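Results of the structural survey
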Amino acid sequence: MREEWGFHWGLPQPAASSYAGDIDFLLILLHVVMVALYVIGVALFVVFLVKYRARDGHRASYTNPGESASFLPAGLVLAFEIWLILAFEVPIWGAVKKSTPPPAESLNVKLIAQQFAWNFQYPGPDGQFGRRSAALVTAENAIGLDPDDPASKDDIVTINQLHVPLGKPTILGMTSKDVIHDFQVVNFRNKQDIVPGMETVLWFEPTVAGKFEIGCAQLCGLGHTKMVGQVTIETESEFEEWKKQQVADASPSDTGTADARPVIPAVDSHS
Ligand SMILES: [Cu+2]
């Protein structure tokens with residue numbers, strides 16, 4: 001429906017995930033109705049100001065003639081909001097939050113957030129994520145990948161670069177090394193807190209190829225605004241090519257991490 005209208009209500013374009021259209025529809029519906037309520041409210045206010053203005057031969061009445069009648073406008077707004085919640089919000093949000101696609105049919109990536117960067121871990125050709133341990137974290141091994149775990153040998157680790165295939169769901173298993181961060185890609189119309197000590201899952205299915213910004217939507221320290229990544233959506237073959245390149249770039253003696261990765265600059269978060 002939105003597309004035929006030809007303009008996008010100021011919402012970031014393109015809307016690039018399978019659920020973005022539904023989220024936009026909700027946002028627009030809510031705003032259109034709220035604007036309508038505002039206009040009706042102000043119009044009534046002006047009408048009553050004029051109609052009941054002070055003038056000769058009229059006396060103000062301070063009694064409320066009908067308590068029940070005065071509930072009608074509020075009742076209509078309440079009914080609308082209940083309808084909005086039951087007809088749209090619950091089903092749409094339920095579809096986003098309760099319908100995580102099967103992992104076997106999706107790209108599975110681990111996201112390890114930290115002040116102030118996004119670390120991504122891909123399983124290599126073996127399809128297994130290598131073990132991670134907080135005790136192994138160093139400046140060069142940002143996610144604490146265990147070099148002794150055979151599964152970690154071929155893992156791909158990137159900083160601030162998430163590559164995903166077009167038209168296939170991606171499932172992010174997200175953890176944080178320090179404080180609460182929040183993964184957000186406005187073009188996907190999603191946003192999810194990342195809480196230390198637990199793994200939260202976020203999925204999306206990109207519908208448009210391109211590069212979009214990953215932002216942190218939770219104030220997480222002095223470098224919060226610099227916590228910017230990029231998601232690249234490409235065809236399945238381009239994505240496989242990129243993965244192959246990452247594996248090739250990693251030197252054999254490496255701990256399974258791609259080389260030439262910048263060391264994350266330390267930003268003092270305690271001041
Ligand atoms: Cu953050």
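Residues numbered from 1 in each chain as written. Predicted model: local features only at pLDDT ≥ 70, side-chain atom pairs only at ≥ 80, totals over all residues. Heavy atoms only, no water.

Ideal geometry at a metal gives 109.5 degrees between four tetrahedral donors and either 90 or 180 degrees between six octahedral ones. Looking at the copper ion, the protein donor atoms are His181 (ND1), Cys216 (SG), Cys220 (SG) and Met227 (SD), and they sit 2.1 to 2.5 Å from it. Bound by four donor atoms, the copper ion shows angles of 91 to 126° at the metal and therefore tetrahedral coordination geometry. One chain supplies every donor to the copper ion, and in sequence these donors are spaced H-x34-C-x3-C-x6-M. A relative accessible area of 1% places Met227 in the buried class. (Donors = N, O, S within 2.8 Å, 3.2 Å for Na, K, Ca; no water. Tetrahedral: all angles 85-135°; square planar, octahedral: opposite > 155°, others 65-115°. Buried < 20%, exposed > 50% of the residue type's maximum accessible area, 1.4 Å probe, protein only.)

Right, let's talk about the sheet that holds strand E8 (residues 200–204) for a bit. The strand order E3-E2-E1-E5-E8 describes an open sheet built from five strands, whose pairing is mixed. Across the chains shown, the open sheet's two edge strands, defined by having one partner strand only, are strand E3 (156–159) and E8. On average, adjacent strands in this sheet sit at an angle of 25° to one another, irrespective of strand direction. As judged from the seven bridges shared by strand E1 (residues 107–114) and strand E5 (residues 170–176), these two strands associate in the parallel manner. (Pairing = 2+ DSSP bridges. Helix = DSSP H or I, 4+ residues; strand = E, 2+ residues; numbered from the N terminus. Axes fitted to C-alpha atoms, helices over the stretch in contact; angles between N-to-C directions.)

The subject of this paragraph is the packing of aromatic side chains. The full count for this structure, using the stated rule, is eleven aromatic pairs. Summarising the aromatic geometry, the rings of Phe48 and Tyr52 are spaced 6.0 Å apart at their centres and angled 45° between planes, so their arrangement reads as tilted. Residue class for Tyr52 comes out exposed when judged on its relative accessible area of 57%. The interplanar angle of 70° and the centroid separation of 6.4 Å between the aromatic rings of Phe188 and Phe212 together place this pair among those described as edge-to-face. With Phe188 in the loop between strand E6 (181–185) and strand E7 (190–194) and Phe212 in strand E9 (residues 210–216), this residue pair connects regions lying 24 residues apart in the sequence. The two residues Phe188 and Phe212 agree in class, both being buried. By the ring-pair criterion, three or more aromatic residues cluster together here, those being Phe25, Phe80, Trp83 and Phe88. One cation-aromatic arrangement involves Lys110 over Phe129; the distance from NZ or CZ to the ring centre is 5.1 Å. (Phe/Tyr/Trp six-rings, centres within 6.5 Å; stacked < 30°, edge-to-face > 60°. Lys NZ or Arg CZ within 6 Å of the ring centre and 35° of its normal.)

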